[in-house]
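Reading the structure
Next come the chains, spelled out residue by residue.
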Amino acid sequence: MDGLELAVVLGATILVGGVVAQRIRVAAPLVLLVLGAGVGFLPGLGGVRLPSEAVLLLFLPALLYWESLNTSLREIRSNLRTIALLAVGLVFATAAVVAVVAHLLGLTWALSITLGAVLAPTDATAVAAVAARLPRRLITTLRAESLVNDGTALVLYSVAVGAVVSGQDIDVWGAVVRFFASYGFGIAIGLAVGLIVYWVRRYLDNRLLENTLSVLTPFLAYLPAELFGVSGVVSVVTAGLLLTQIGHRVISAHARIQGYGFWQVTSYLLNGALFVLVGLDFHPTLLAVLHDDWVTALALGLGSTAAVIGMRFLWVNTTPYASRLLDRRAGERDRHLHFRERMPIAWAGFRGAVSLAAALGVPRTMSDGSPVHDRDLVIAATFVVILVTLVVEGLTMPVIVRWARLPEDPEEQREEIEAERAALQGALDSLDDVASRLESPEEVREDLRADYGRRLERLRRDAEAAEGDAAAASRAAADAGVTVSAAVIGGTGGSAGEAMAAGADGPDAEEDPIGGAAEDATDGEPDEIQLEREAEQADIALRLALLEAKRTAVDDLRRSRAIDDAVMRRVQGRFDVEELRLAAISEDD
């Protein structure tokens, strides 16, 4: 099938699957997987296979970069030990158990370890889509795990594939050195690329050019790392996390809104295309298995599935007790999760396109030209594991979450209110200096001071009323206008246009002195109209100038870890919408 025809089929399937997923309230990846499997049996589509190199070199960097932009570095620091155990320790443990199962079923040790490395990492896109409604701490842990464990697994995979091709045993000490070097140099390259991108963006003042650089960034981080033989995954994630901390200082509001809109649509299409392609791969995989020993393939697939699910369940429910023995600090004890609360993490071991791409990337021949036996078994087993984990675990995840009785987290709403209070206070503290610099009329200055003062007092009352009450905190945050434009900032769904419309109802638009004054002025004398317009322009100019003080105050909170990165992105997104709205009014006048 031609590339254009395949692109149309993929797009149509993603569209239909998205509509169906909304109607039946099932996670979109599951619907797309099933639709892809069904479409694969249509004439002309039976030979379509997941492009291994395209997934690892095109899809993976872009998706990991987007996920890293929406991951909280503060939460990663708070849960670093848990994430490291899952992203590194669990990967090696899973690979070892799968390798033992595969070897018992007749595969060579080198190919068995290759299969273990293929099946060890969870899928970042599946985790983000299926487990998106979990509390902040759990979803951050799962996201960070899925971001990093790809790097761990791909290092092990490259070592194992080298042993398969050469026909020699794996050099354990060489693999250990390669692992640490891959992580260390991957982090270094990611930091270097992130700093270079930050420096270049300081000199770009065109939002199209800014977002062109944004599109290039994950590949600028991934390709050099791969060329040097280190982890491109770690490099991309490092660059993304670094830019979440410093990038907002050099990115304009126009570029940020445009960029987030682009990345939302792009990531949605890439995610959807991956799951459809995995489904399309079912047909050729099934034919290959039926042609060979399907009983062994099924046994290997089910055995590997049991090993993957069982090892994760065992790991998640044993390592906390080992950590508790090593660290008995009161603060750490308070952070430990109970058995029910750990179950969503234990059940979120979804595998996806990266695993299948790695399986398809296993060479067909060895270095001496002889074929790699049982390669099709590895691909078939991988597909079985992906199918079971996505369908069985994905469909039952809502049940597990309800059974877990996860406690509500009012802290995020409280942090949003605190961010709004800090922003308003920062604006008030800077009001006199900014107004003097702009030579704003005294009346405009005092009106704005009174406006901000009223809102600050309202936020204070709302925060007091919401203390210890998650529902009240949510209402207070909504009244403060801090929940708008989440769609633009990387929340769930939506568009920049919707966020722009929502922004008009934000806290700086509750009492619209600009629009109201314009309407009243139409009934006055010409001189009065001119005075009113001048006052409006002075008010707009002052509000726009004070946005920098608001952003600085919120950034100070984030750097002191008083608020989460996700909270800052949402509040920052509202400021962006406010800036564009005020600028548009100013241009119209």
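Higher on the page you've got the structure.
The structure displayed is predicted, hence computed values, not measured ones.

Another point: helix α14 (residues 294-316). Relative to the 33 Å expected for 23 residues at 1.5 Å per residue, α14 spans 33 Å between its end C-alpha atoms, a close match to the ideal helical length. Buried within α14 are the following residues: A297, L300, G301, S304, T305, A307, V308, M311, R312, W315 and V316.

What follows deals with unusual backbone geometry. The backbone phi angle of R25 is positive, close to 60°, even though this residue is not glycine. Within the secondary structure, R25 is located in the loop between α1 (3-24) and α2 (28-39). The class for R25 is exposed, based on a relative accessible area of 78%. A positive phi angle, close to 65°, is found at R561, a residue other than glycine. For R561, the location among the structural elements is in the loop between α26 (526-559) and α27 (565-588).

The next subject is the packing of aromatic side chains. Applying the stated rule across the entire model yields nine aromatic pairs. Where F313 meets F339, the ring centres are 6.3 Å apart and the plane angle is 80°; that geometry is what we call edge-to-face. With F313 in helix α14 and F339 in helix α17 (residues 339-346), the pair connects residues that are 26 residues apart, well separated along the chain. Owing to a relative accessible area of 34%, F313 belongs among the partly exposed residues under this scheme. Judged by relative accessible area, which is 39%, F339 ranks as partly exposed. Linked through ring pairs, F92, F179, F180 and Y183 together constitute an aromatic cluster.

Below, the discussion takes up empty space enclosed by the protein. Within this structure, the stated rule accounts for seven cavities of 30 Å³ or more. By volume, the largest cavity is sized at about 360 Å³. Looking at the largest cavity, it is lined by 22 residues, and the ones nearest its centre are L69, L243, I251, R256 and Y260. Ranked by residue count, the leading element in the lining of the largest cavity is helix α12 (residues 253-280), at five residues. Residues of the lining of the largest cavity, tallied by class, amount to ten nonpolar, seven polar and five charged.

Attention shifts here to the environment of G18. Residue position: G18 is located in helix α1. What makes G18 buried here is its relative accessible area of 12%. Spatially, the C-alpha atoms of G18 and L32 are 7.8 Å apart, while their sequence positions differ by 14 residues.

One side chain can pair with another of opposite charge once the charged atoms of both are near each other. Applying the stated criterion across every chain, the model contains 29 salt bridges. In this structure, R74 and D564 form a salt bridge, with 4.0 Å as the shortest nitrogen-oxygen distance. On the criterion of sequence distance, the pair formed by R74 in helix α4 (residues 73-78) and D564 in the loop between α26 and α27 is long-range, its members being 490 residues apart. For the pair shown, R74 and D564 are each scored as buried. As a salt-bridge pair, R460 and E457 come within 2.3 Å of each other at their nearest N and O atoms.

This paragraph deals with a nonpolar patch on the surface. Among the surface-exposed residues, V172, W173, V176 and F180 lie close enough to one another that they form a single nonpolar patch of about 490 Å² accessible area. The residue V172 is located in helix α9 (residues 172-201) in this model.

A cluster of acidic residues, E443, D447, D527, E528 and E532, forms a negative patch at the surface. Broken down by element, the residue count for the negative patch peaks at three residues, all from α26. Summarising the element assignment, D527 is placed in helix α26. Judged by its relative accessible area of 63%, D527 is exposed.

Turning our eyes to something else, we now look at the packing of α17 against helix α19 (residues 375-404). Two numbers describe how α17 lies on α19: the axes approach to 8 Å, and their chain directions differ by 160°. Overall, the two elements α17 and α19 adopt an arrangement that is roughly antiparallel. Considering only the axes of α17 and α19, their crossing is left-handed. Mapping the contact onto sequence places F339, R340, E341, M343 and P344 in α17 and M397, I400, W403 and A404 in α19. Across the contact of α17 with α19, the residue classes tally to seven nonpolar, no polar and two charged.

Let us now look at the nonpolar core. Residues L50, L60, L115, Y157, L356 and L390 are the most contacted members of the largest nonpolar core, which totals 118 residues. Aside from chain neighbours lying at most four places away, what touches L356 is L50, V278, D281, I379, T382, F383 and I386. A427, L431, V434 and L448 belong to the second largest nonpolar core, which has 15 residues in total.

Think of an α-helix as 3.6 residues a turn; residues three or four steps apart then line up on the same face. Between its first and last C-alpha atoms helix α11 (residues 232-246) spans 21 Å; for 15 residues at 1.5 Å apiece the expected length is 21 Å, and the two agree. Most of α11 sits out of view: 15 of its 15 residues are buried.

Thresholds applied
- Residues numbered from 1 in each chain as written.
- Predicted model: local features only at pLDDT ≥ 70, side-chain atom pairs only at ≥ 80, totals over all residues.
- Heavy atoms only, no water.
- Helix = DSSP H or I, 4+ residues; strand = E, 2+ residues; numbered from the N terminus.
- Expected span 1.5 Å × (residues − 1).
- Buried < 20%, exposed > 50% of the residue type's maximum accessible area, 1.4 Å probe, protein only.
- Phe/Tyr/Trp six-rings, centres within 6.5 Å; stacked < 30°, edge-to-face > 60°.
- 1 Å grid on protein atoms, 1.4 Å probe; cavity = no way out; pocket = protein on both sides within 12 Å on 5 of 7 lines; lining within 4 Å.
- Points joined across faces, edges and corners; volume = space filled by probe spheres on them.
- Nonpolar A, V, L, I, M, F, W, Y, C, P; charged D, E, K, R; others polar.
- Salt bridge = Lys/Arg side-chain N within 4 Å of Asp/Glu carboxyl O.
- Patch = residues over 30% accessible without salt bridge, like charges linked within 9 Å, V, L, I, M, F, W, Y side chains within 5 Å.
- Areas by Shrake-Rupley, 256 points an atom, 1.4 Å probe, with all protein chains shown as cover.
- Lys, Arg positive; Asp, Glu negative; His and termini not counted.
- Charge placed at Lys NZ, Arg CZ, Asp CG, Glu CD.
- Axes fitted to C-alpha atoms, helices over the stretch in contact; angles between N-to-C directions.
- Parallel < 35°, antiparallel > 145°, perpendicular 65-115°, else oblique.
- Left-handed = near helix turned anticlockwise from the far one by under 90°.
- Contact = heavy atoms within 4.5 Å.
- Core = buried A, V, L, I, M, F, W, Y, C linked by side-chain atoms within 4.5 Å.

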